[in-house]
Amino acid sequence: VLLEGVPGLGKTMLVNSISRAVDLPFSRIQFTPDMLPADVTGTQIYNPQSGEFTTRPGPVFANLLLADEINRAPAKVQSALLEAMQEKQVTIGDETYPLPNPFLVMATENPIEQEGTYPLPEAQMDRFMLKVVMDYPNRDEERRILDDWAKTDGLPEAGPVVTVAQVLAARKVVDTIYVDDKVKEYIVDLVFATRDPDKYGVPARDLIQLGASPRATIYLTLVSKAHAFMQGRGYVTPQDVKSIAMDVLRHRVHISYEAEAQEKTQDDVVQILLDHLPVP
């Protein structure tokens, strides 16, 4: 999951709270421009007494990894996460080590800061299942924040409410959620409409430079099933797909210069797709 939002919205606090609530082994990496890939994955250390190299695992070896301000690290460091995110394994030297199960990367980035940042490569963006945009709280939420946090002692703290075993069991249940053929066709149509909007009657041909990859099809299905599970249903509806489509697609639909000239964002283009594509 890629969390995007301006500073001070509680992105890091959110990930910390999730780690406490799920009772997961947790690691945090504060990305900086002077980091090296070994700071993420680990490295081999020479032992002069034995004359052998021993492997020291890096912070990536955790169930939940917080990659804080991921766009502050150079491309080499960002790419160190690619194998971990996609293959669930890390190669150090000539040895490959599996990562713990479950394994989740939650990365944060600041969308407005440009100095000292490195844009995430498209290949890495595509590996994030979701890109969630955090906005400012509303007035009532801001007042609750004031009441709960404007003090120096007794601050709120999450406690464990679910175990790793329960999470793994829930994942097996999610796999059994039923997806009708019509909903599957809708998911495929939605992804193909990002590549050839004219064929599906979507007025976005000049707004899209590059459509979504097959990962979008897979993740739309998986997240829709998880959404249905969270709603207590054993089947996926088209509304489940529409509810999560923005978070799955916003970082996979690359907009054109014409869209930028019209001051349209990726969210605007995805919304056009959702508004015009017929729902089964």
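These lines cover the structure that appears in this document, whether it is placed above or below. Not measured: the values here are computed from a predicted model. (Residues numbered from 1 in each chain as written. Predicted model: local features only at pLDDT ≥ 70, side-chain atom pairs only at ≥ 80, totals over all residues. Heavy atoms only, no water.)

1. A closer look at the sheet that holds strand S2 (residues 26–30)
1) Next: Strand order in the open sheet formed by five strands is S2-S5-S8-S1-S9, with parallel pairing between adjacent strands. Looking along the sheet, the strands with just one partner apiece sit at the ends: S2 and strand S9 (131–133). Recorded for the sheet is a direction-independent mean angle of 20 degrees between the axes of neighbouring strands.
2) Next: Across three bridges, the pairing between strand S1 (residues 2–4) and strand S8 (residues 104–109) is parallel. In the sheet register, Leu3 faces S8, and the bridge partner there is Thr108.
3) Next: Against the sheet, helix H1 (residues 11–22) touches S1, S2, strand S5 (64–68) and S8, its axis set at about 170 degrees to S5. (Pairing = 2+ DSSP bridges. Helix = DSSP H or I, 4+ residues; strand = E, 2+ residues; numbered from the N terminus. Axes fitted to C-alpha atoms, helices over the stretch in contact; angles between N-to-C directions. Contact = heavy atoms within 4.5 Å.)

2. Focus on the packing of helix H9 (residues 238–249) against helix H11 (residues 266–276)
1) Next: The geometry of H9 relative to H11 is characterised by a closest axis approach of 10 Å and an angle of 145 degrees between their N-to-C directions. Crossing hand, H9 versus H11: right-handed. When H9 is examined against H11, the residues Lys242, Ala245, Met246 and Leu249 are found in contact with a partner set consisting of Asp267, Val270, Gln271 and Leu274. (Left-handed = near helix turned anticlockwise from the far one by under 90°.)

3. Some points on the pattern of salt bridges
1) Next: What the rule picks out here adds up to 11 salt bridges.
2) Next: The partner of Arg205 in a salt bridge is Asp206, and the shortest N-O contact between them spans 3.6 Å.
3) Next: Here the salt bridges share partners, and the residues they tie into one network are Asp126, Arg215 and Arg252. (Salt bridge = Lys/Arg side-chain N within 4 Å of Asp/Glu carboxyl O.)

4. Some words on the side chain of Asp126
1) Next: Following the sequence through the fold, Asp126 ends up in helix H4 (residues 122–127).
2) Next: Side chain to side chain, Asp126 and Arg215 meet in a polar contact 2.7 Å long.
3) Next: Apart from residues lying up to four places away in sequence, Asp126 is in contact with Ser213, Arg215, Tyr219 and Arg252. (Polar contact = N/O pair within 3.5 Å; in protein donor to acceptor, adjacent residues only side chain to side chain.)

5. Some details on the environment of Leu64
1) Next: Topologically, Leu64 is positioned in strand S5.
2) Next: Once you skip the residues sitting within four places of it in the chain, Leu64 turns out to touch Val15, Ile18, Ser19, Leu24, Pro25, Phe26, Ser27, Leu104 and Met106.

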